[in-house]
Amino acid sequence: MRNRPRTSARTQLTDALFQQAKSMMNDGISIRQAAKAIGFSEGALRKRLKTGKGSQQLGKTSVARIMGFNRVQLNNYFNNLETVMEKYGFSSDRLYNMDETGVQTVPNKLPKHVAPKGKREVGKSVAAEQGQTVTVVCSMSAVGHHIPPFFIFSRKRINPQLINGGPTGCDMAVTDKGYMTSATFIIWLKHFQKFTHPTVERPVLLILDNHISHVSLEAITYAKENHIIMLSLPPHSSHRTQPP
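Residues numbered from 1 in each chain as written. Predicted model: local features only at pLDDT ≥ 70, side-chain atom pairs only at ≥ 80, totals over all residues. Heavy atoms only, no water.

Here we look at a nonpolar patch on the surface
Together, V63, I66 and M67 make up a nonpolar patch on the protein surface, roughly 340 Å² of accessible area in all. Following the sequence through the fold, M67 ends up in helix α4 (residues 63-68). (Patch = residues over 30% accessible without salt bridge, like charges linked within 9 Å, V, L, I, M, F, W, Y side chains within 5 Å. Areas by Shrake-Rupley, 256 points an atom, 1.4 Å probe, with all protein chains shown as cover. Salt bridge = Lys/Arg side-chain N within 4 Å of Asp/Glu carboxyl O. Helix = DSSP H or I, 4+ residues; strand = E, 2+ residues; numbered from the N terminus.)

Put into structure tokens, the structure is as follows:
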């Protein structure tokens, strides 16, 4: 623990300084001399050389996402958005975004533990060796009003005890694999309608991705009859167009 105040400002080993130090070392200068030349400690430079921190790591992006995020698709989406906004005159509290996410019942990453020196295996008890996926459907308006979460469990029969102690107003459904289906989406639409109360005078705009479970005839018909205007995001573009 530091007992005295820092007398110098903390500076960051930027990529430019790091590359400058590497260039000097390539010319035969020692790590200690290179660190001194750029104004950093030898230990900090050695740590950076060891970890490679600061170098850009490539992320995975599917070909479908790369091709789906294009000017034509985005123009069509924003044209459709402009059309429905002009037609219905939605206020901010009537604009909702909806998305699903999968949660594992057994964590994939376990926390670190302190164990006696020399112990070869250290375990932690979990509910099961392999967990199940639970889908959570969330929706929020542009002003921050959220719909209580909707859980989809991988089961054959509904057991209300699974959501005991959950957020107020939450609901659930079951499917064979715990994923959203066309029938489950209609159940969620009823859950959504319960908390938004759309009417002819005050319809609701629901922005969502175009997953196959969202675009069934039954779902579109139900939404139309209950004054829910659904607007689909461009295919394979939710990683860029989905509201945060």
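Focus on the sheet that holds strand β5 (residues 204-208)
For sheets, the rule is that strands pair by backbone hydrogen bonds, running either parallel or antiparallel. As summarised here, the arrangement of the six strands in space is β4-β3-β2-β1-β5-β6, forming an open sheet in which the pairing is mixed. Of all strands in the sheet, those bounded by a partner on one side alone are β4 (171-175) and β6 (228-232). Adjacent strand axes in the sheet meet at a mean angle of 25°, parallel and antiparallel pairs treated alike. Looking at chain direction, β5 and β6 are connected through five bridges and run parallel. Directly across from V204, in β6, lies its bridge partner I228. (Pairing = 2+ DSSP bridges. Axes fitted to C-alpha atoms, helices over the stretch in contact; angles between N-to-C directions.)

Focus on the nonpolar core
Ranked by internal contacts, the top residues of the largest apolar core, which has 20 residues, are M98, V137, F185, W188, L189, F192 and L206. By residue number, the principal contributor to this core is helix α6 (residues 182-196), which donates five residues. Contacts of M98, omitting those with residues within four sequence positions, involve V137, C138, S139, M180, F185, W188, L206, I207, L208, H214 and Q242. One finds L13, A34, A35 and F40 within the second-largest nonpolar core, a separate group that totals ten residues. (Core = buried A, V, L, I, M, F, W, Y, C linked by side-chain atoms within 4.5 Å. Buried < 20%, exposed > 50% of the residue type's maximum accessible area, 1.4 Å probe, protein only. Contact = heavy atoms within 4.5 Å.)

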